[in-house]
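# Examining the three-dimensional arrangement
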Amino acid sequence: MAHRITLIPGDGIGPEVADATVRAVEAAGVSAVWERVEVGAAAVAHSGEILPKAVFESLDRTHVGLKGPTATPVAGGHRSINVALRKRLDLYTNFRPVRMLPGLKTRFQGVLIDMVIFRENTEDLYSGLEHEVVKDVVESLKVITRAASIRIARATFQYARRESRKKVTAVHKANIMKMSDGLFLRCCREVAADFSEIKYEELIVDNACMQLVMRPETFDVLLLPNLYGDIVSDLAAGLVGGLGIVPGANLGEHDAIFEAVHGTAPDIAGQGKANPTALMQSAALMLAHIDEREAAIRLHQALEGVYAQGRHLTVDVGGGASTDEFTNAVIGQMQ
Ligand code: NAD
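Rules and cut-offs
- Residues numbered from 1 in each chain as written.
- Predicted model: local features only at pLDDT ≥ 70, side-chain atom pairs only at ≥ 80, totals over all residues.
- Heavy atoms only, no water.
- Near = heavy atom within 4 Å.
- Polar contact = N/O pair within 3.5 Å; in protein donor to acceptor, adjacent residues only side chain to side chain.
- Areas by Shrake-Rupley, 256 points an atom, 1.4 Å probe, with all protein chains shown as cover.
- Nonpolar A, V, L, I, M, F, W, Y, C, P; charged D, E, K, R; others polar.
- Helix = DSSP H or I, 4+ residues; strand = E, 2+ residues; numbered from the N terminus.
- Expected span 1.5 Å × (residues − 1).
- Buried < 20%, exposed > 50% of the residue type's maximum accessible area, 1.4 Å probe, protein only.
- Axes fitted to C-alpha atoms, helices over the stretch in contact; angles between N-to-C directions.
- Parallel < 35°, antiparallel > 145°, perpendicular 65-115°, else oblique.
- Left-handed = near helix turned anticlockwise from the far one by under 90°.
- Contact = heavy atoms within 4.5 Å.
- Pairing = 2+ DSSP bridges.
- Right-handed = clockwise from strand over helix to strand, strands pointing away.
- Phe/Tyr/Trp six-rings, centres within 6.5 Å; stacked < 30°, edge-to-face > 60°.
- Lys NZ or Arg CZ within 6 Å of the ring centre and 35° of its normal.

Here the focus is the site of the ligand. Taken together, the neighbourhood of the ligand is formed by 21 residues, with Thr70, Asn82, Gly263, Ala265 and Asp267 sitting nearest. The side chain of His262 places a nitrogen or oxygen atom 3.4 Å from a nitrogen atom of the ligand. Interatomic distance of 2.8 Å between a side-chain N/O atom of Asp267 and an oxygen atom of the ligand. Surface burial for the ligand is 69%, taken as the share of its 810 Å² of free accessible area covered by protein chains. Classifying every residue of the shell around the ligand gives 9 nonpolar, 8 polar and 4 charged.

This is the structure:
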């Protein structure tokens, strides 16, 4: 039976990496009906809305989405579509596995990097609550709640137990934000107490960044509030070859949207040189989520095969191949 999947191509390089990923998923042997819906600028042209009802109607049917990046205007303009989607569907877990691909030449080549980031996805400074108190004085509200902190901590430790991971590191700035990050930490400790077989440690975010660069191999599972999770994800991507590589999943109780860590990459959009690996790896996570485990493994192994050979890599990771050439090589591995 064909899976119904909501496909949100997004902006910038989004449509390029989304098309490449659809081809790779189909080559992995999965039969899918793609419900293609537009958000952002493309959606405004059709419906006058940046996040039209059709997106939610489709996700209500499919409960699973594959999404390209969407552009968010800086210092003004509309609210982030990502934040709106994650909040509306209550996709409270942002899950990002960060691993080395075989053969890929990076500054950390030879270092065993295998860490998993759990980022709280619904609150913190992403609540979008900002106001001007008096002229030239602005407040942004950082919202941390016990309910959201407990559930992300629980999701993290449950994953760690299921996957036999050894250590969870909670990342915070509770020395300065004693109340908000303090609450986050207390919730992490409370949940950690129920998982005594898993080592639990805490690091202040600035120190965590330094240690991630100095000793990335010592990290296992990271548990972070929204903002630090966002920043540390890009740092971690840099350790394993850049934003072209690292996948992600936004997970809630009922719905899941799979998307890469990277943004719309406006500097290379439309040039046919975007690296679709991150979205393909996100699709592999999606296939596992919809119980297409064999196809997930096939796609993952095909990606590993292309990296191990090193002959069809995109420009961002030191190769000369186009998005299409890379995609053909991945598909070739599955034939
Ligand atoms: P970005 O991730 O788009 O790009 C940063 C750098 O990484 C650029 O040099 C880009 O060329 C490179 N890069 C990113 N993905 C790549 C890929 N797949 N292949 C090759 N190179 C790649 O970050 P940015 O420039 O800060 O943000 C651009 C826009 O994307 C902004 O509007 C931002 O809000 C948005 N954004 C969206 C998401 C999302 O939808 N999930 C995430 C992050 C940023």
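Over its 13 residues, helix H9 (residues 277–289) extends 18 Å from the first C-alpha to the last, a length consistent with the 18 Å expected when each residue adds 1.5 Å. Taken together, the buried positions of H9 are Thr277, Ala278, Leu279, Met280, Gln281, Ser282, Ala283, Ala284, Met286 and Leu287. Once H9 ends, the next one or two residues include Asp291, with phi positive near 70 degrees.

With their axes 9 Å apart at the nearest point, helix H1 (residues 14–27) and H9 run at an angle of 45 degrees to one another. Comparing their axes, H9 and H1 come out oblique. Read as a crossing pair, H1 and H9 show a hand that is right-handed. On the side of H1, the interface is formed by Val17, Ala18, Ala20, Thr21, Ala24 and Val25, while H9 contributes Leu279, Met280, Ala283 and Leu287. By residue class, the composition of the contact of H1 with H9 is 9 nonpolar, 1 polar and no charged.

This part covers the packing of H1 against helix H11 (residues 323–333). Interaxial distance between H1 and H11 falls to 9 Å at its minimum, and their mutual angle equals 15 degrees. Looking at the two axes, H1 sits roughly parallel to H11. Here H1 and H11 pass one another in a crossing that is right-handed. Residues Glu16, Ala20, Arg23, Ala24 and Ala27 of H1 form the contact with H11, whose own contacting residues are Thr323, Asp324, Thr327, Asn328 and Ile331. Its residues assigned to classes, the contact of H1 with H11 shows 4 nonpolar, 3 polar and 3 charged.

Moving on: the pairing of strand S8 (residues 167–172). The element S8 is largely enclosed, with a buried count of 6 among its 6 residues. Here S8 shows a buried face lined by Lys167, Thr169 and Val171 and a second buried face lined by Val168, Ala170 and His172. Bridge count between S8 and strand S9 (residues 199–204): 6 bridges; the pairing is parallel. Of the residues in S9, the one forming a bridge with Ala170 is Glu202. Traced from S8 through helix H6 (residues 180–192) to S9, the parallel crossover comes out right-handed. As paired strands, S8 and strand S10 (residues 221–224) are joined by 3 bridges and run parallel to one another. Each residue of the ladder has a partner; that of Ala170, found in S10, is Leu223.

Once that is clear, we can look at the side chain of Asn275. Structurally, Asn275 can be placed in the loop between strand S12 (256–259) and H9. You can call Asn275 buried: its relative accessible area is 4%. Reaching out from Asn275, the side chain makes a polar contact with the side chain of Thr314 at a distance of 3.2 Å. Beyond its immediate chain neighbours, meaning those up to four positions away, Asn275 contacts Val17, Gly244, Ile245, Tyr307, Thr314, Asp316, Val317 and Phe326.

With 0 of 5 residues buried, strand S6 (residues 130–134) lies mostly on the surface of the structure. Note: S6 against strand S7 (residues 137–140), 4 bridges, orientation antiparallel. Paired with Glu130 across the strands is Ser140, a residue of S7.

With that out of the way, let us pick up the packing of aromatic side chains. Enumeration according to the criterion identifies 6 aromatic pairs in this entry. Centroid distance Phe118 to Tyr159: 5.2 Å. Interplanar angle 55 degrees. Geometry classified as tilted. Placement of Phe118 in strand S5 (residues 114–120) and of Tyr159 in helix H5 (residues 146–162) is noted, with a sequence separation of 41 residues between them. Grouping residues by exposure puts Phe118 and Tyr159 together as buried. Linked through ring pairs, Phe95, Phe118 and Tyr159 together constitute an aromatic cluster. The aromatic ring of Phe56 is capped on one face by Arg88, whose charged end is 3.8 Å from the ring centroid. Positioned above the aromatic ring of Tyr126 is the side chain of Arg119, whose terminal nitrogen or guanidinium carbon lies 5.4 Å from the ring centre.

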